[in-house]
Amino acid sequence: ITLAKADQVDRAGGIGLGQRLLNRPELIGRLGSLAPWLANGVLANSLFRQIAAAVTGVSRDAPLPRFAGQRFRRWLKHLSQREGPQITYFSGCAVDHYDPDVGIAAVSVLNSLGYKVTVPPDACCSLPMLSSGDFETARPRARKMIELLTPSAGAGQTIVGTSTSCTLTLKSKYAAYLGFDDRQASEVAHAVSDICGYLLEHHADTFAKASARVPKRVLYHGPCQLRGHHIGQPALELLRLVPGITIELSQASCCGVAGTYGYDQEKRPIAVDVGRSLIEQIADSRPDLVICDSETCRWNIEQASGVPCLHPIQVLAQAMELTSGKVF
């Protein structure tokens, strides 16, 4: 499907304004983070959303995240870490600009396990460009990303990420879509791991012994991109180690948003129809929380259901009593 999109983009001579904007989450994030309160206020205005939809084709009902400024990077700058085995955390656009609590939880968990965490400079993996078939624009950006991660991979460090979409892009999509199969790209690809997959493989015993009770009813939705990792549902296995938690599994195959697909004004009704079964299950089950590994899925689910939707690492950090106060 993606290769067909790329052919279509080539024939059309490019993509539309709305998709060009969606393809640059790091740029939008940086601009919005200059004055988050103002940007969030503008995006919450229904008249602005209606005008923007007419101009860009981005649905006025699409689940736009709230800008958080540079909170994760500021927190990281002042973080004092002990020496230990080094591990690299690829934060991605979502954590850097919209979901800082996910990154803070991830680094806190890794620190508690004895790791010294390094975080590459803010940059986008270019998945939105790849998914929309804009391969030529993505190509130099993807190569830059590989260069940023090469020092970590070359030093034998594992590169973990909290976005199943970003980590899958680094692991396999550069090779599949852009033909990046050189030594440098392959070295980075083999170093990348989903954070929950890594924690389950190397530290399951720690979570089983150290977890505090989390008396919550949660519904876990494994996102589509997670299946591409071929690692099962490691977050679910980790959550099952947390005492007190009651877990229900999503019966839906997709939440409907499909990356940026559900942001398109013409495709939004289809996205809503695809995700309807999940939203109905949440309404029937009435969980305290929905847990999902993908940021766009979380934003979509939370807006559609009205139920808080968190990354599993946030629940694990709470279970290990690493957060200052409750996060949910």
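Residues numbered from 1 in each chain as written. Predicted model: local features only at pLDDT ≥ 70, side-chain atom pairs only at ≥ 80, totals over all residues. Heavy atoms only, no water.

Caption draft 1: Molecular detail of the overall build of the protein chain. Broken down by element type, the protein chain carries 18 helices and eight strands. Structurally, the protein chain occupies a C-alpha span of about 55 × 50 × 40 Å along its principal axes. A burial count over the protein chain gives 52% of its 328 residues as buried. Across the protein chain, the fraction of contacts at a sequence separation of at least 24, relative to all contacts at a separation of at least 6, is 77%. (Helix = DSSP H or I, 4+ residues; strand = E, 2+ residues; numbered from the N terminus. Buried < 20%, exposed > 50% of the residue type's maximum accessible area, 1.4 Å probe, protein only. Contact = heavy atoms within 4.5 Å.)

Caption draft 2: Expanded view of the sheet that holds strand S2 (residues 116-118). Here we have four strands laid out as an open sheet, ordered S2-S1-S3-S4, and parallel in their pairing. If you trace the sheet from one side to the other, it starts and ends with S2 and strand S4 (192-194), each paired once. Taking the axes of each pair of neighbouring strands and ignoring which way they run, one obtains an average angle of 35 degrees across the sheet. Here strand S3 (residues 159-161) runs beside S4; their pairing, made up of three bridges, is parallel. Residue Val160 lies in a different strand from S4, and its bridge partner there is Ser193. Across the sheet, helix H11 (residues 164-178) is in contact with strand S1 (86-90), S3 and S4; its angle to S4 comes to roughly 150 degrees. (Pairing = 2+ DSSP bridges. Axes fitted to C-alpha atoms, helices over the stretch in contact; angles between N-to-C directions.)

Caption draft 3: How the structure looks around helix H10 (residues 135-154). Taking 1.5 Å as the rise per residue, H10 with 20 residues should run 28 Å; its terminal C-alpha atoms sit 26 Å apart, in good agreement. Remark: the principal bend of H10, roughly 35 degrees, maps to Leu148, with a proline, Pro151, within the next four residues. Listing the buried residues of H10 in full gives Phe135, Ala138, Ala142, Met145, Ile146, Leu149, Thr150, Ser152 and Ala153. Contact partners of the buried residues in H10: helix H1 (2-12), S1, helix H9 (127-131), S3, H11 and helix H12 (183-191). (Expected span 1.5 Å × (residues − 1). Bend = angle between axes of the 7 residues up to and from the residue.)

Caption draft 4: Seen up close, the packing of aromatic side chains. Taken as a whole, this structure holds seven aromatic pairs when the rule is applied. Ring plane angle 75 degrees and centroid distance 5.6 Å describe the contact between Tyr98 and Trp299, whose orientation is recorded as edge-to-face. With a gap of 201 residues between them, Tyr98 in the loop between helix H7 (92-97) and helix H8 (100-112) and Trp299 in helix H17 (residues 295-305) connect regions that are remote in the sequence. Given the relative accessible area of 11%, Tyr98 is considered buried. On the basis of relative accessibility, which here comes to 16%, the residue Trp299 falls in the buried class. Ring geometry for Phe135 against Tyr177: centres 5.6 Å apart, planes inclined by 15 degrees, an arrangement best described as stacked. With Phe135 in helix H10 and Tyr177 in helix H11, this pair connects stretches of sequence that are 42 residues apart. (Phe/Tyr/Trp six-rings, centres within 6.5 Å; stacked < 30°, edge-to-face > 60°.)

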